[in-house]
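# Summary of the model geometry
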Amino acid sequence: MKPKAPKIICLFFLFGSLFLKAQFNTLLPVAPKKSEMKHNSEYHQAEMNREEKGLSNPKLKKIWKNLFVSDKNEKLKSEIDSLKNKMTEFEKNSRRKENYQKIKDSIWLQMQLQWRQNTSGPPIPTETTASAKEMRALSERISLPLKNSMSISSPFGFRIHPIFGIRKMHNGIDIKATYEKVYSVLDGVVSAAGWDPKGGGNYIKINHFNRFETAYLHLSEMYYKVGERVRAGFIIGKSGNSGNSTGPHLHFAVKECGRLINPDHFLKELMNIKHLNINKNTL
């Protein structure tokens, strides 16, 4: 029996140590693998900073930046366009005022020169120094091409031709007139008259003071010939529908020193002078 006791004791200690080791292993924490730790930390970090990470995304940053920059560019472009439009309008108004003043000065100068040729002694009247009598005399030397109220059906400048359907320069203005009397706007000499083969029909051109030339086209009747002298307010013809025309009207054109000018501006200056004269005459 004695030899078996050490064996039993050894077996007892062996099983005891294995049991204790198993118990302690259940109490010790199991260290997670490195790959799992990394994955978990990245996931939690992504969850906690989702919004921040979304805003820091380079693609999203670029999109937001483009949106804001585009909005600023649109506003800046709109402001620049508005400024350009204002500058363009200012230049047009300045140019229009210059043209008005130029036409007005030219008319006054030529009328003053003719006044000196027909009178002697007193100084040449000006817009500010002329007496009521002198202003009345000057007023009689101004007329409009039609006596009735004038309505422009087609303005001066480029337009789509009503017959040919192409873009073409309209060198005058079309005034509504149904076979009405046509008057010379200023004193002058008939420089051309007859039939216009280019589509103007019956026409008369009058030279005023060797500076202005007025033209009256599409007439149904003509009462003067080349070389004859006319005065402002003389009936030179009757409006009509001759030539290339879609209906009765008066085509009125003006040249100054051989260069076409806007007849609408020219007539407005004549009306301004006429109105000024009438006001002075009533004083």
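Described in the following lines is the structure provided in the data block. Quick caveat: nothing in here was measured; it's all calculated off a predicted structure. (Residues numbered from 1 in each chain as written. Predicted model: local features only at pLDDT ≥ 70, side-chain atom pairs only at ≥ 80, totals over all residues. Heavy atoms only, no water.)

### Details of the pairing of strand E4 (residues 173–176)
Across two bridges, the pairing between strand E1 (residues 152–154) and E4 is antiparallel. Residue pairing across strands places Ile-152 opposite Ile-175, the latter belonging to E4. Pairing between E4 and strand E11 (residues 249–256): four bridges, direction antiparallel. For Asp-174, the partnering residue across the bridge sits in E11 and is His-251. (Pairing = 2+ DSSP bridges. Helix = DSSP H or I, 4+ residues; strand = E, 2+ residues; numbered from the N terminus.)

### Notes on the pattern of salt bridges
This structure, assessed with the given rule, holds four salt bridges. Between Asp-174 and Arg-159 there is a salt bridge, with the nearest N and O atoms lying 3.4 Å from each other. Placement of Asp-174 in strand E4 and of Arg-159 in strand E2 (residues 157–160) is noted, with a sequence separation of 15 residues between them. By relative accessible area, Asp-174 is classed as buried at 7%. Of the residues examined, Arg-159 reaches a relative accessible area of 21% and is grouped as partly exposed. Here Asp-187 and Arg-231 are joined by a salt bridge, their closest N and O atoms 3.2 Å apart. Here Asp-187, found in the loop between strand E5 (181–183) and strand E6 (188–196), pairs with Arg-231, found in the loop between strand E9 (229–230) and strand E10 (235–239); they are 44 residues apart in sequence, far enough to count as distant. (Salt bridge = Lys/Arg side-chain N within 4 Å of Asp/Glu carboxyl O. Buried < 20%, exposed > 50% of the residue type's maximum accessible area, 1.4 Å probe, protein only.)

### Observations regarding a nonpolar patch on the surface
A contiguous nonpolar surface patch, about 280 Å² in accessible area, is contributed by Ile-163, Phe-164 and Ile-166. As for its placement among the helices and strands, Ile-163 is situated in the loop between E2 and strand E3 (167–170). Take Ile-163: its relative accessible area is 40%, and that puts it in the partly exposed class. (Patch = residues over 30% accessible without salt bridge, like charges linked within 9 Å, V, L, I, M, F, W, Y side chains within 5 Å. Areas by Shrake-Rupley, 256 points an atom, 1.4 Å probe, with all protein chains shown as cover.)

### A word on the environment of Ser-220
As for its placement among the helices and strands, Ser-220 is situated in strand E8 (residues 212–222). For Ser-220, a relative accessible area of 31% translates into the label partly exposed. Other than its neighbours up to four places away in sequence, Ser-220 contacts Tyr-179, Asn-202, Lys-238, Ser-239 and Gly-240. (Contact = heavy atoms within 4.5 Å.)

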